[in-house]
Amino acid sequence: MDHYDSQQTNDYMQPEEDWDRDLLLDPAWEKQQRKTFTAWCNSHLRKAGTQIENIEEDFRDGLKLMLLLEVISGERLAKPERGKMRVHKISNVNKALDFIASKGVRLVSIGAEEIVDGNVKMTLGMIWTIILRFAIQDISVEETSAKEGLLLWCQRKTAPYKNVNIQNFHISWKDGLGFCALIHRHRPELIDYGKLRKDDPLTNLNTAFDVAERFLDIPKMLDAEDIVGTARPDEKAIMTYVSSFYHAFSGAQKAETAANRICKVLAVNQENEQLMEEYEKLASDLLEWIRRTIPWLENRVPENTMQAMQQKLEDFRDYRRLHKPPKVQEKCQLEINFNTLQTKLRLSNRPAFMPSEGKMVSDINNAWGGLEQAEKGYEEWLLNEIRRLERLDHLAEKFRQKASIHESWTDGKEVMLQQKDYETATLSEIKALLKKHEAFESDLAAHQDRVEQIAAIAQELNELDYYDSPSVNARCQKICDQWDNLGALTQKRREALERTEKLLETIDQLYLEYAKRAAPFNNWMEGAMEDLQDTFIVHTIEEIQVRQLVPRRDQALMEEHARQQHNERLRKQFGAQANVIGPWIQTKMEEIGRISIEMHGTLEDQLSHLRQYEKSIVNYKPKIDQLEGDHQQIQEALIFDNKHTNYTMEHIRVGWEQLLTTIARTINEVENQILTRDAKGISQEQMNEFRASFNHFDRDHSGTLGPEEFKACLISLGYDIGNDAQKKTGMLDCEDFHTCLISIGYNMGEAEFARIMSIVDPNRIGVVTFQAFIDFMSRETADTDTADQVMASFKILAGDKNYITVDELRRELPPDQAEYCIARMAPYTGLDSVPGALDYMSFSTALYGESDL
């Protein structure tokens, strides 16, 4: 039973105690009340499939009176008597009157017998009492009484309209403009108010009554002629009719509120779905780029020339300088979008977003790790290949130089060794030839080392896969074959010279005697022999050639010394910058970490501080580019070590990328914390408490908690992680005591904790971020829509039906959201279904269920 304030009851019932019964006998007023009250009753009775024709006759048995009260109250009355006797009718009417009284209404001089007897005056009074209680009493504007509230509502709604001045519920309505103004204020498309005239009340009234009946489902309760022809229209009839407008437009207000709620929910869902689609596309594009890039980085097909490998290195620099940085930004943005989306889903009471298989953040991180591993291996391979080609070029040049020197030395040697000059030579000439041949043999032996060096270089070139190995091998083979041939020819010529020497010595003995007799001739002969022998000393020319090579060698050494000095300057220049940039990056990383975990100032202060850091970091980029330029010079100079720094360009690059990603991710985390704080009404003190607890257990300052750390953190905040619900009986039984022990750390409900971990770590990364932590800790304070609230809103738009139609959706919702619903709502299959009916209940549930993406 409802209870009402006695003063309020007196306010709206006071007119009944002083009811001027003589006025009810006025035929004009009685006619107006009969028509108005009958129409009002039928507007409710038709919901039960019936109606009345004569107000004083059709309520006499009490059956339709009880039915009317059930319809307008939504409650069941006592079972009616079905008998036809007077006692049965009185019993039914008394049940109706008792029900009215139970609602706090005092019935003055109205008895069941008078209603059963068909007393018009009493019947109209009873119906007016019902109208007051169920149609007018609940109308209250700024804590006014029912009648005053209804009047104030009318005045506010009609205030903007000219020639409308609502001061009461009788003569203020005679010109009809008040009714038209109410309709136009709420449904301006139904009436062209500018064409109405105050001096044409009949047209105004009939227009309002016809429009209300056709478009607002308000039955025609009054006659325009009766109102115009009466000096003072019946107040109760006007109030009853005006209250129908209030309830009609109040229902419209409810529908508007319901539509707004649905639009808000759908807007959230559409925005979330768009973010999901954008994440999926961005993830797909990034993974596809990684998939295409890794084979290029894993291609280890070497080039034959230093120039070609230098081009590969330049292409790799372009990749690092031009192609990869945008992808680093995309990856960072992808993580930011993912975290923002998860925060919005949690704040709107939606389940966590689960990307398609293979597109989780962890999958992208793994793919990115593979990319960087391939990148690192590719750069190492490039540098090793350049070292190899540098070594090959050096060896090939050395091979060519030694081979050319050797070939120059051997030029003509075979022809010389094949000469038959000893056949016509004298003994002294033979001896000279033998000495000359011995000198040649010594020179040949000295060249043995050079030939062996040439062969060794050729073998090393083969082992290092020199691209022109066939020509090297052919030249080396030719040199070796020639060397073997020279050895054979040298041995053959020695044997020939020695045979000739013996022969000539025999002949010389024969001529000895003759020589003794021809001394002058012999002296001349000996002098000539000496002169001839002097012409065969050829070492002086070679010595001259050596002296010419020494300055060249000195020049080469000087050039190499200058090159090494230049390389050392490059090493020092790079080392000096790297030794500044490397620690600067590390310091900034530490400072960002401190800002994100410290509790100085508000979140807005932290966000402002972080954005200043981001600006200073971005402004540091030219120094990174300058270091990249120095690194390029070092690579072009083929410098592979640097004793002046422990930082490599790879270290700097990775640190820089991590710094950019960290600052962007940290800013996003603080933005999400602000979003969460504002949505869930978390105070700064609560936020500080959450942060202090989180930081205490984040002992490695990683910004995340492992499962055990998270569990301990929850316990420190007094959160029970048990398996059973707490029974608030004021005492502890065994199970309660067990839970109490859990709360102080003796045991943990693993199933419950696993459930909590699935909430805070939906992607099963194995750690809990501070954002997920505060989302969980403040989960019960959020003012979020629920599936039940959305269903209730759809039910209002559907006119209390269990389904909704396409026309209703398009009438009540903006076009894009109406089509969104139509495209996603399943057909309604209930027993009360009609063609085209849509199931808004399953749709509402799906809004808060698993996403289709």
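Residues numbered from 1 in each chain as written. Predicted model: local features only at pLDDT ≥ 70, side-chain atom pairs only at ≥ 80, totals over all residues. Heavy atoms only, no water.

1. A short note on the overall build of the protein chain
Using the following cut-off: Secondary structure elements follow DSSP: runs of H or I of four or more residues count as helices, runs of E of two or more count as strands, with numbering from the N terminus. Summary of the burial criterion: residues with accessible area below 20% of their type's maximum are buried, those above 50% are exposed, and those between are partly exposed, where the area comes from a 1.4 Å probe applied to protein chains only. Only heavy atoms enter the contact rule, under which two residues are in contact if any of them lie within 4.5 Å. Note on areas: Shrake-Rupley with a 1.4 Å probe; residue coverage comes only from the protein chains shown.
Assigned secondary structure in the protein chain consists of 32 helices and four strands. Burial status across the protein chain gives 44% buried among its 853 residues. Residue pairs at least 24 apart in sequence account for 73% of intrachain contacts in the protein chain once pairs closer than 6 positions are excluded. Accessible surface, the protein chain as shown: approximately 45,200 Å² in total, 52% of it carbon and sulfur.

2. Some thoughts on the packing of aromatic side chains
Here is the rule: Centre distance within 6.5 Å is the pairing criterion for rings of Phe, Tyr and Trp, where only the six-membered ring of Trp is used; planes under 30 degrees apart are then read as stacked, over 60 as edge-to-face, and the remainder as tilted.
Summed over all chains, the structure comprises 28 aromatic pairs. When the centroid spacing of 5.0 Å and the interplanar angle of 85 degrees are considered together, the rings of Tyr-241 and Phe-245 count as edge-to-face. In this pair, Tyr-241 and Phe-245 are both assigned in helix α12 (residues 235–298), four residues apart and thus about one turn of the helix distant. Like Phe-245, Tyr-241 is buried. In textbook terms, an aromatic cluster arises when at least three aromatic residues are bridged by ring pairs, as seen for Phe-169, Trp-173, Phe-179, Phe-209, Tyr-241, Phe-245 and Phe-249.

3. Focus on the confidence of the model for the protein chain
Here is the rule: Values of pLDDT, which run from 0 to 100, indicate the predictor's confidence residue by residue.
Across the protein chain, pLDDT averages 79, with 82% of residues at or above 70. Across the protein chain, the secondary-structure element scoring lowest on mean pLDDT is helix α1 (residues 6–17), at 36, and the one scoring highest is strand β3 (residues 826–827), at 94. Every residue in residues 1–25 is under pLDDT 50, and counting partners more than four places away or in other chains gives 42 contacts.

4. Description of the packing of helix α8 (residues 146–158) against helix α9 (residues 177–186)
Stated precisely, the cut-off is as follows: In this analysis an axis means a line fitted to C-alpha atoms, helices contributing only their contacting stretch, and an angle means the value between N-to-C directions, from 0 to 180 degrees. The cut-offs work like this: below 35 degrees is roughly parallel, past 145 is roughly antiparallel, 65 to 115 is roughly perpendicular, and the gaps in between are oblique. Throughout, a crossing is termed right-handed when the near helix is turned clockwise from the far one, and left-handed when it is turned anticlockwise from it by less than a right angle. Gly counts as polar in this scheme, as do all residues outside two lists: the nonpolar Ala, Val, Leu, Ile, Met, Phe, Trp, Tyr, Cys and Pro, and the charged Asp, Glu, Lys and Arg.
As a packed pair, α8 and α9 sit with axes 9 Å apart at the nearest point and diverge in direction by 70 degrees. Considering their axes alone, α8 and α9 lie roughly perpendicular with respect to each other. Along this stretch, α8 crosses α9, giving a crossing that reads as left-handed. Here α8 contributes Trp-153, Cys-154, Arg-156, Lys-157 and Thr-158 to the contact with α9, which in turn contributes Gly-178, Ala-181, Leu-182, Arg-185 and His-186. A class-by-class count of the residues in the contact of α8 with α9 yields four nonpolar, three polar and three charged.

5. Describing the environment of Leu-395
In this fold, Leu-395 is placed in helix α14 (residues 361–410). As a C-alpha pair, Leu-395 and Leu-461 span 66 residues in sequence and 7.0 Å in three-dimensional space. Dropping the residues within four chain positions of it, Leu-395 is found in contact with Ile-457, Glu-460, Leu-461 and Leu-464.

6. Description of helix α22 (residues 621–636)
Under the convention used in this document: In this scheme, a helix's expected span is set at 1.5 Å multiplied by one less than its residue total. This arc corresponds to the set of directions leading from the helix axis out to the C-beta atoms.
Compared with an ideal rise of 1.5 Å per residue, which puts 16 residues at 22 Å, α22 spans 23 Å between its outermost C-alpha atoms and is within 8% of the ideal. For α22, the full list of buried residues reads Ile-624, Leu-627, Asp-630, His-631, Ile-634 and Gln-635. Down the axis of α22, the buried set is contained in an arc of 140 degrees. They therefore lie on one face. Of the residues flanking the end of α22, it is Leu-638, one or two places downstream, whose phi is positive at about 60 degrees.

7. Here we look at the side chain of Asn-272
Structurally, Asn-272 can be placed in helix α12. Take Asn-272: its relative accessible area is 3%, and that puts it in the buried class. Asn-272 has contacts with Leu-341, Lys-344, Leu-345, Ser-348 and Arg-350, leaving out every residue within four places of it along the chain.

8. A word on the pattern of salt bridges
Heads up, the rule is: Criterion for a salt bridge: a side-chain nitrogen of Lys or Arg within 4 Å of a carboxyl oxygen of Asp or Glu.
This model, assessed by the stated rule, comprises 54 salt bridges. With a shortest N-O distance of 3.6 Å, Lys-195 and Asp-192 are connected by a salt bridge. In this structure, the salt-bridge partner of Glu-441 is Arg-494, at a minimum N-O distance of 2.9 Å. Of this pair, Glu-441 sits in helix α16 (residues 427–446) while Arg-494 sits in helix α18 (residues 469–517), and the two are 53 residues apart along the sequence. Under the relative-accessibility criterion, Arg-494 is labelled buried at 17%. One salt-bridge network, held together by shared partners, links Arg-320, Lys-324, Glu-372, Glu-375, Glu-379, Glu-628, Glu-650, Arg-653 and Glu-657.

9. Side note on the nonpolar core
The following threshold applies: The definition of a nonpolar core used throughout is a set of buried Ala, Val, Leu, Ile, Met, Phe, Trp, Tyr and Cys residues joined through side-chain atoms within 4.5 Å.
In this structure, Ile-130, Phe-179 and Phe-245 are the most contacted members of the largest nonpolar core, which totals 76 residues. Ranked by residue count, the leading element in this core is helix α7 (residues 120–136), at twelve residues. For Ile-130, the residues in contact, after removing those within four places along its chain, are Trp-40, Leu-65, Leu-69, Ile-72, Ile-100 and Ala-135. Grouped together as the second largest cluster of nonpolar side chains are 47 residues, Val-361, Ala-367, Cys-476 and Ile-479 included.

10. Re unusual backbone geometry
With a phi close to 60 degrees, Asp-217 is a non-glycine residue in the positive phi region. Given a relative accessible area of 53%, Asp-217 falls into the exposed group.

11. Focus on the state of the cysteines
Where we set the bar: For this text, the term disulfide refers to a pair of cysteine sulfurs within 2.5 Å.
All chains considered together, the criterion is met by zero disulfides. Here Cys-263 is not disulfide-linked; the sulfur of Cys-821 is the nearest cysteine sulfur, at 8.3 Å. Judged by its relative accessible area of 13%, Cys-263 falls in the buried class.

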